[in-house]
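# Survey of secondary and tertiary structure
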Amino acid sequence: MSDDGFRGILKSASVVGAGMVFSKAVSLFAEIVVARELAATEFGAAIFAYTILLTVGGVALIGIPEGFTYYLSILDERGDTDAAFRIVVSGVVILAVILSISVLTIYAIPFALVEQVGVSRAQWQWIELLAPLAIAYPISQLSFGIMRGYDRSVPKVLSDDVVNKLLAFGALGIAIWQNWDVLIFLSFYLGQYILSSVFAGSYVIYLLKGKLTRVTSFDQFGEDARRLFSYSWPLAFKNATRRLLGNTDIVLVGALLASSAVGYYRVGYVISQLGMITLVSITYLFTPRVARRYDNDDRAGMEHLYRRATKWSTFLALPLLLTMLYYPTDIIRLFFGTEYAPGSAILVVLAVDVLLRTGMGTAAAVLRAIDRTRIDFVVTAVTTVTNVGVSYVLIQELGVIGAAIGTFLSILSMNAIQIFLVYRFVSIHPFSRRYITGTVSLVVASLPLFVLLDTLAGDVRITQFDLSVTMLLFATTFLAVEFSFAWFGGLLTQSEKEAIYESAYEFSSRLI
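Let me begin by describing the structure that accompanies this report.

Cut-off values and rules
- Each chain carries its own residue numbering, running from 1 in the written order of its sequence.
- In keeping with the predicted nature of the model, local features appear solely for residues at pLDDT of at least 70, side-chain atom pairs appear and are counted solely at 80 or more, and the whole-chain, interface and lining totals rest on all residues.
- Hydrogens and waters are ignored; side-chain quantities use all the structure's heavy atoms.
- What makes a salt bridge here is a side-chain nitrogen of Lys or Arg within 4 Å of a carboxyl oxygen of Asp or Glu, nothing more.
- Note on classification: 1.4 Å probe, protein chains only; a residue is buried when its accessible area is under 20% of the maximum for its type, exposed when over 50%, partly exposed between these limits.
- Going along the chain from the N terminus, every DSSP run of H or I of four or more residues is numbered as a helix, and every run of E of two or more is numbered as a strand.
- The term polar contact refers here to a pair of N or O atoms within 3.5 Å; inside protein, the definition further demands a hydrogen-donor-capable atom paired with an acceptor-capable atom, and it admits residues adjacent in sequence only when both atoms are side-chain atoms.
- Only heavy atoms matter for contacts: two residues are in contact if any of them lie within 4.5 Å across the pair.
- Centres within 6.5 Å are what make two rings of Phe, Tyr or Trp a pair, Trp counting through its six-membered ring; a difference in plane orientation under 30 degrees is then read as stacked, over 60 as edge-to-face, and the rest as tilted.
- Consider the ring centre and the ring normal. A charge sits over the ring if Lys NZ or Arg CZ is within 6 Å of that centre and within 35 degrees of that normal.
- Given the number of residues in a helix, its expected span is that number minus one, multiplied by 1.5 Å.
- One axis is fitted to the seven residues ending at the residue and one to the seven starting there. The bend at that residue is the angle between these axes.

### A short note on the pattern of salt bridges
- For the coordinates displayed, the defined rule picks out eight salt bridges.
- A salt bridge links Lys156 to Asp161, with the shortest nitrogen-to-oxygen separation between them at 3.5 Å. Here the two residues Lys156 and Asp161 agree in accessibility, since each one is buried.
- For Arg357, the salt bridge goes to Asp353, with nearest N and O atoms at 2.4 Å. Taken together, the residues Arg357 and Asp353, both in helix 16 (residues 344-359) and four residues apart, mark about one turn of the helix.
- Given a relative accessible area of 12%, Arg357 falls into the buried group.
- On the accessibility criterion, Asp353 (5% relative accessible area) is buried.
- The network of salt bridges with shared partners includes Lys156, Asp160 and Asp161.

### So, the side chain of Thr314
- Assignment of secondary structure puts Thr314 in helix 14 (residues 299-326).
- A polar atom in the side chain of Thr314 sits 2.8 Å from the backbone oxygen of Thr310.
- Those residues within four positions of Thr314 in sequence are excluded, and the remaining contacts are Thr358, Gly359, Tyr435 and Thr439.

### Quick look at the packing of aromatic side chains
- Tallied over the full model, the rule gives 20 aromatic pairs.
- Between Tyr137 and Tyr193, the aromatic rings sit 5.6 Å apart at their centres with planes inclined by 80°, giving edge-to-face as the arrangement. With a gap of 56 residues between them, Tyr137 in helix 7 (residues 133-149) and Tyr193 in helix 10 (residues 191-211) connect regions that are remote in the sequence.
- Judged by its relative accessible area of 9%, Tyr137 falls in the buried class.
- Between the NZ or CZ atom of Lys156 and the centre of the ring of Phe144, over which it lies, the distance is 5.7 Å.
- In this structure, Arg372 is placed above the aromatic ring of Phe425, and the distance from its NZ or CZ to the ring centre is 4.1 Å.

### Examining unusual backbone geometry
- The phi torsion at Asp297 lies on the positive side, around 60°, for a residue other than glycine.
- Residues other than glycine seldom take positive phi values, yet Ser427 does so here, at roughly 60°.
- Mapping Ser427 onto the fold places it in the loop between helix 19 (400-426) and helix 20 (433-457).

### Let's talk about helix 8 (residues 154-177)
- Taking 1.5 Å per residue as the helical rise, helix 8 with its 24 residues ought to reach 34 Å, and the 33 Å between its terminal C-alpha atoms agrees with that figure.
- The largest bend along helix 8 measures about 35° and falls at Asn164.
- For helix 8, the full list of buried residues reads Pro155, Lys156, Val157, Ser159, Asp160, Asp161, Val162, Asn164, Lys165, Ala168, Leu172 and Ala175.
- One or two steps after helix 8, the chain reaches Asn179, where phi turns positive at roughly 55°.

Pasting the structure below:
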């Protein structure tokens, strides 16, 4: 069968991925700077508030961005601009009401009430300072949902990963130079989302003006609003529970342990999420394209995309994630300093989590593409409730590492159930024999490589940067081994090799 669909995803993913790499690099550097400027306790309190506000903003979205992506991708292919217009207007109106209520609620809650659930005054002050996130973040995500529906990856990258990050980082530099205390954190963590919402929102207005010029029917708003809400409300609860699942660790650690423990956990979490870049990049346009194939009853095309997306996201992330597993303390010392070294055990657990998550594929995205959002919500909700209980018990017994273990076990179970559900509904799965044997072989081969390099090189460091030479040797050597194994061992098809040749040729032509 033709590989045009997956080549399109890879091309878009390369744009999104490059933007995400740049974005993650800037964000990581900014987080390093802020963490070094603030005391661990103050940094932990600020991160706790930041996590709470992003969770509130994500819940307030009630799944509408995903609804936009699903319906606009299908309606655009059908040429139904009337229905697309009604979907957009309905979603924006619903979201405007919910956002207004959310922000007013944040400022109306008295501190005495939140103090009873373990929130300190310092944490609550940061929540009030960061409250605009509850508006800026949903606006940006709403805009990105529309961009995904119309396959617009470059504007997304510019507004979410490049321009906003550069300007916010510049503001961070000024805040540090002027020693503006609180603004050192706000300038980047709040500034990037405010800028992103302005840039992305402006582009989406321009995009919709061009896309919806032939609107002739202004009736049926109620029917289309119900269609959007019917698709989105399960995602609203799913996203709410998914965010709770992703943020349970920080919330529970912040409530049960010292604020410094939040800082340790955050450091491990931020580094581990670098391994998610390939999966998120490929998934960005995976969902709308699988939705179109499902709409056309093309099961073979769906499975083709599903397996390719899983294979590529895994192999591209493997070198980085294995480096995290073998050298967690070296990585944390390099970026954040020895003060945050207690986060190394957390990094190991979360790196294993990300490795298995990428290796198990994009089942959640397939469930959204086949309009099974309600069952996806149920799975996520049950997982979240389980995770809260497990993490609470493990934190009491093991401290901050217990939070990471609890979430790892919960997400592993959720991914396995999602894979089963996709197979039950559409009889496709993300695994091939060649993919499984190749992945296992590479992981097993990494252990003797680690032992060999550790024996030969030892703990050699570039002292000026506290950089482990052995770690660099492992990452580069494994990358070469993996590429050779994939190329000559049959893991890449001929069409994939041709796509790599074409991409390399285009890249070299642009350089020349």
